[in-house]
Amino acid sequence: QVQLVESGGGLVQAGGSLRLSCATSGRTVSTLTMGWFRQAPEKEREFVAAITWSGGRTVYADSVKGRFTVSRDNAENTVYLQMNSLNPEDTADYSCAAALTPWVPPMSQYDYWGQGTQVTVSS
């Protein structure tokens, strides 16, 4: 069983930055492909970014490309989402998820999910 715990959310002004962390336990993170997703009020969950278990490939949603960076520290069993140039449209509950595949799967094929951390961007 894999446990995921997100942290780093909070309230930030537009144009600011936050770094989210996803700490994993129960399985070495180097054997997991990790994804970040978000869900805004009254909206469906959407993909944000992902990184393969080798770290060799990263994928981003068009809405965050150039502003967000996903990275991993296998020694710390942690995955990060650095978010820069935040705007109010980025306000959402952000969750990390883990997949037991070496590639980035569709959202429905992630195997484990964290509880989420709230990010609020004020204008």
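In the block above lies the structure referred to throughout.
Residues numbered from 1 in each chain as written. Predicted model: local features only at pLDDT ≥ 70, side-chain atom pairs only at ≥ 80, totals over all residues. Heavy atoms only, no water.

Caption draft 1: Expanded view of the environment of asparagine 77. Here asparagine 77 lies in the loop between strand E7 (68-73) and strand E8 (78-83). It is 29 Å that separates the C-alpha atoms of asparagine 77 and asparagine 87, two residues lying ten residues apart in sequence. Contact partners of asparagine 77, with chain neighbours within four places excluded, come to Cys22, Ala23, Thr24, Thr28 and Val29. (Helix = DSSP H or I, 4+ residues; strand = E, 2+ residues; numbered from the N terminus. Contact = heavy atoms within 4.5 Å.)

Caption draft 2: Inspection of the nonpolar core at higher detail. Judged by nonpolar contacts, the single largest core of 30 residues is most densely connected at Met34, Trp36, Leu81, Met83 and Tyr94. Among the secondary structure elements, those contributing two or more residues to this core are strand E3 (18-25), strand E4 (33-39), strand E5 (46-51), E7, E8, strand E9 (92-99) and strand E11 (117-122). Considering each element in turn, this core owes the most residues, four residues, to E9. Among all residues touching tyrosine 94, those that are not within four sequence positions of it are Glu6, Leu20, Phe37, Arg38, Val48, Phe68, Leu81, Met83, Gly116, Thr117 and Val119. Formed by seven residues, the second largest nonpolar core is a distinct cluster that contains Phe37, Ala97, Ala99 and Val104. (Core = buried A, V, L, I, M, F, W, Y, C linked by side-chain atoms within 4.5 Å. Buried < 20%, exposed > 50% of the residue type's maximum accessible area, 1.4 Å probe, protein only.)

Caption draft 3: Representation of the pairing of E11 within the structure. Only one face of E11 is covered, namely the one carrying Thr117, Val119 and Val121; the face carrying Gln118, Thr120 and Ser122 has none of its residues buried. Strand direction decides the pairing type here: strand E2 (residues 10-13) and E11, joined by four bridges, are parallel. In the sheet register, glycine 10 faces E11, and the bridge partner there is valine 119. With three bridges connecting them, E9 and E11 associate as antiparallel partners. Note on E11: the bridge partner recorded for aspartate 93 is glutamine 118. (Pairing = 2+ DSSP bridges.)

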